[in-house]
Amino acid sequence: MKRMLFPVAALVALSGCLSFGEDPPPFLMTLTADTQVEAGATRSAGIGQAITIEKPDVPQALVTNRLPVTTSDTSIAYLQNALWVDTPNELLRALLAEVTAARTGRVVLDPSQYHADPGTVVTGQLQRFGLDARTRQVVIVYDAQLNGEGGVRTRRFEQREPVAAEDAGSVANALNRAANRLAIEFSDWIA
């Protein structure tokens, strides 16, 4: 009986020392569209009339669900306990699609939805999406390219928003406000 108790007691004592990864953050961050398509709204589009917004390309610093903090011209860090539910480029793509559909009344397709006719295609690069610690502002810089019947158009969109504190909640709220302003400008440009 004593032989069986020793291994069990050793495992119980050792279990307090084991860890299977970092503790999760208290919450995950997301972007929410201030302007949304109403429930039950139906839309239709003829050949070539839909809009497809592709997920923007991003620099390596944004290929993560962590929130980058620019600390100098040549260095970044990541904000502690600040994790997105998805990558920033996918969150921005979804927000642009929702706001554009709501404000323009046009059919906006997800890239996974079209097969033969994507209509007007918007591609681009999300250059910056995070906190600039030097100015205590969030910064979003998105270079969009619209490929349609009339050829190719490009535009750089930039939004900044001051932050009250450098914590996940304050930064996420500021980025959400800035992203919604950018989405309004974007939808006006598309229209």
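Residues numbered from 1 in each chain as written. Predicted model: local features only at pLDDT ≥ 70, side-chain atom pairs only at ≥ 80, totals over all residues. Heavy atoms only, no water.

S.K.: I would appreciate a short explanation of the overall build of the protein in the present structure.
M.R.: Across its full length, the protein holds three helices and seven strands. Reading the protein from its N terminus to its C terminus gives the helix and strand order α-β-β-β-α-β-β-β-β-α. Within the protein, buried positions represent 37% of all 191 residues. The long-range fraction of contacts in the protein, counting pairs at least 24 apart against all pairs at least 6 apart in sequence, stands at 68%. As displayed, the protein offers around 11,000 Å² of accessible surface, 52% of which is attributable to carbon and sulfur atoms. (Helix = DSSP H or I, 4+ residues; strand = E, 2+ residues; numbered from the N terminus. Buried < 20%, exposed > 50% of the residue type's maximum accessible area, 1.4 Å probe, protein only. Contact = heavy atoms within 4.5 Å. Areas by Shrake-Rupley, 256 points an atom, 1.4 Å probe, with all protein chains shown as cover.)

S.K.: When you look at helix H3 (residues 168–190) in this model, what are you seeing that I'm missing?
M.R.: Turn by turn, an α-helix covers 3.6 residues, leaving residues three or four places apart pointing in a common direction. Between the first and last C-alpha of H3 there are 32 Å, a value that for 23 residues agrees with the 33 Å anticipated at 1.5 Å per step. The N-cap residue of H3 is aspartate 167: its side-chain oxygen and the backbone nitrogen of glycine 169 are 3.1 Å apart. (Expected span 1.5 Å × (residues − 1). Polar contact = N/O pair within 3.5 Å; in protein donor to acceptor, adjacent residues only side chain to side chain.)

S.K.: When you look at unusual backbone geometry in this model, what are you seeing that I'm missing?
M.R.: Negative phi characterises most residues that are not glycine, and trans characterises most peptide bonds. The backbone of asparagine 81 sits at a positive phi, close to 60°, despite the residue not being glycine. Along the chain, asparagine 81 falls in strand E3 (residues 75–83). Positive phi, close to 55°, is recorded for arginine 136, a residue that is not glycine. Examined against the element boundaries, arginine 136 turns out to sit in the loop between strand E5 (120–132) and strand E6 (137–148).

S.K.: What should I look at first to understand the pattern of salt bridges in this one?
M.R.: Side-chain pairs of opposite charge can arise where the charged atoms are in close proximity. A complete count under the given rule lists twelve salt bridges for this structure. The partner of aspartate 132 in a salt bridge is arginine 128, and the shortest N-O contact between them spans 3.5 Å. Among the charged side chains, a network of salt bridges with common partners joins Asp73, Arg128, Asp132 and Arg134. (Salt bridge = Lys/Arg side-chain N within 4 Å of Asp/Glu carboxyl O.)

S.K.: Looking at this structure, how should I read the pairing of E3?
M.R.: Regular strands have side chains that alternate between both faces of the sheet. Taken together, the five bridges between strand E2 (residues 66–72) and E3 define a ladder with antiparallel strand orientation. Opposite arginine 66, over in E3, you have leucine 83 as the bridge partner. In textbook terms, the turn of a hairpin is the stretch between consecutive antiparallel strands, and for E2 and E3 this stretch comprises two residues. (Pairing = 2+ DSSP bridges.)

S.K.: Could you clarify how one ought to interpret the pairing of E6 in this entry?
M.R.: Pairing between E5 and E6: eleven bridges, direction antiparallel. From the neighbouring strand, glycine 124 faces E6, where its bridge partner is alanine 144. Linkage of E5 to E6, two consecutive antiparallel strands, is achieved through a turn of four residues, within which arginine 136 is found at a positive phi near 55°. In terms of strand pairing, E6 meets strand E7 (residues 151–162) through twelve bridges, oriented antiparallel. Among the inter-strand pairings, alanine 144 is bridged to a residue of E7, identified as arginine 155. Where E6 folds back on E7, the antiparallel hairpin that results is connected by two residues.

S.K.: Whenever I open this one, the nonpolar core confuses me. Can you help?
M.R.: Across soluble globular proteins, nonpolar side chains have a tendency to be buried as a group. Counting residues in each nonpolar core, the largest one holds 42 residues, and the members touching the most others are Leu67, Val122, Tyr142 and Phe186. Of all the secondary structure elements, the ones that give two or more residues to this core are strand E1 (51–53), E2, E3, helix H2 (88–104), E5, E6 and H3. For this core, the element with the highest residue contribution is H3, accounting for twelve residues. If sequence neighbours within four positions are ignored, phenylalanine 186 has contacts with Ile53, Leu96, Thr100, Val122, Tyr142, Ala144 and Phe157. (Core = buried A, V, L, I, M, F, W, Y, C linked by side-chain atoms within 4.5 Å.)

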